[in-house]
Amino acid sequence: MKLKDKKIAMLIGPGYEDLEFWVVYMRMIEEGAEVDVVGVEKGVEYSSKHGCLKKAADYTAAEVLDNDYDGVLVPGGWTPDKIRRDADVVELVRKNHDAGKIIGLICHAGLVGISAGIVNSKATGSLGIKDDCINAGAEWVDEAAFKDKNIVWGRVVKDIPAYCRELVAALAD
């Protein structure tokens, strides 16, 4: 298990992309990581984008701001546009990024990174955020997944296997 003794915050909110949350969540646990599910509201059951799956947040971002995480992961879907409006979510991402922790952004998750002011080098994701990333100062890269400094980027759902490989490698370091 490559991520034994690693602690990860995984963000959640309304309309999260089913596979970008669940596959990544299970992959991290499979590798031995402890995963805290963090939302804007604790205990609220958030429905996925397709409405089939639900998951409650274990903590609010405010409650875990001072936790020592090895990484913070953000799924895509409609969630990033919703949770980026919460100052504590933005601070959690910014604070962990600035501390050199791994930040995982897939699909629309770059929107949270933009709000945190950390998207300024290379970026990928859904084409729907390409202009936002470029306007934030990033160079758009059309690759399935890659690590740039301490941010791991994933493009879209079909790229989850490559994204998970990059996340596991980055978090295991």
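Description of the structure in this document. Because the structure is predicted, anything quoted here is derived from the model rather than measured.

1. Focus on the overall build of the protein chain
Next up, step 1: Per the secondary structure count, the protein chain includes seven helices and eleven strands.
Next up, step 2: Here the C-alpha radius of gyration of the protein chain, 14 Å, is about what a compact globule of 173 residues would show, namely 16 Å.
Next up, step 3: Across its three principal axes, the protein chain shows a C-alpha extent of roughly 35 × 30 × 30 Å.
Next up, step 4: Buried residues in the protein chain amount to 54% of all 173 residues.

2. Notes on the environment of Trp140
Next up, step 1: Tracing the sequence through the fold places Trp140 in strand 9 (residues 139-140).
Next up, step 2: Residues Trp140 and Lys130 lie ten residues apart in sequence; the distance between their C-alpha atoms is 6.7 Å.
Next up, step 3: In this view, Trp140 contacts Ala123, Thr124, Gly125, Ser126, Leu127, Ile129, Lys130, Cys133 and Ile134; residues no more than four positions away in its chain are not counted.

3. Details of helix 1 (residues 18-30)
Next up, step 1: Between its terminal C-alpha atoms helix 1 stretches 18 Å, which fits the 18 Å expected from 13 residues at 1.5 Å a residue.
Next up, step 2: Buried within helix 1 we find Asp18, Glu20, Phe21, Trp22, Val24, Tyr25 and Met28.
Next up, step 3: Contact partners of the buried residues in helix 1: strand 1 (7-11), strand 2 (34-39), strand 4 (54-56), strand 6 (71-74), strand 7 (102-106) and helix 7 (160-172).
Next up, step 4: Just downstream of helix 1, Gly32 is the residue with a positive phi angle, here 100°.

4. Brief notes about a nonpolar patch on the surface
Next up, step 1: A surface patch of nonpolar side chains, about 200 Å² in accessible area, is lined by Leu19, Val23 and Val157.
Next up, step 2: By secondary structure assignment, the location of Val23 is in helix 1.
Next up, step 3: Residue class for Val23 comes out partly exposed when judged on its relative accessible area of 34%.

5. Quick word on the pairing of strand 1
Next up, step 1: Of all five residues in strand 1, four are buried; the element is thus mostly enclosed.
Next up, step 2: Pairing analysis gives five bridges linking strand 1 to strand 2, with the strands arranged parallel. Within strand 2, the position partnered with Ile8 by the bridge is Val35.
Next up, step 3: For the crossover that starts at strand 1, traverses helix 1 and ends in the parallel strand 2, the hand is right-handed.
Next up, step 4: Relative to strand 6, strand 1 is paired through three bridges, and the arrangement is parallel. Looking at strand 6, one finds that Ala9 is bridged to Val72.

6. What about unusual backbone geometry?
Next up, step 1: Of note, the phi angle at Asp5 is positive, near 75°, even though the residue is not glycine.
Next up, step 2: Tracing the backbone through its elements, the reader meets Asp5 in the segment before strand 1.

7. Focus: the pattern of salt bridges
Next up, step 1: One pass over the structure, following the stated rule, counts 13 salt bridges.
Next up, step 2: A salt bridge links Asp66 to Lys95, with the shortest nitrogen-to-oxygen separation between them at 2.7 Å. In this pair, Asp66 sits in the loop between helix 2 (61-64) and strand 6 while Lys95 sits in helix 4 (residues 87-98), placing the two residues 29 residues apart along the sequence.
Next up, step 3: Of the charged contacts, one joins Glu91 and Arg94 as a salt bridge, the two residues approaching to 2.8 Å between their closest N and O atoms. Remark: Arg94 and Glu91 occur in helix 4; sequence separation between them is three residues, near one turn of the helix.

Here is what the cut-offs are and how they apply
- Residues numbered from 1 in each chain as written.
- Predicted model: local features only at pLDDT ≥ 70, side-chain atom pairs only at ≥ 80, totals over all residues.
- Heavy atoms only, no water.
- Helix = DSSP H or I, 4+ residues; strand = E, 2+ residues; numbered from the N terminus.
- Rg over C-alpha atoms; globule rule 2.2 N^0.38 Å.
- Buried < 20%, exposed > 50% of the residue type's maximum accessible area, 1.4 Å probe, protein only.
- Contact = heavy atoms within 4.5 Å.
- Expected span 1.5 Å × (residues − 1).
- Patch = residues over 30% accessible without salt bridge, like charges linked within 9 Å, V, L, I, M, F, W, Y side chains within 5 Å.
- Areas by Shrake-Rupley, 256 points an atom, 1.4 Å probe, with all protein chains shown as cover.
- Salt bridge = Lys/Arg side-chain N within 4 Å of Asp/Glu carboxyl O.
- Pairing = 2+ DSSP bridges.
- Right-handed = clockwise from strand over helix to strand, strands pointing away.

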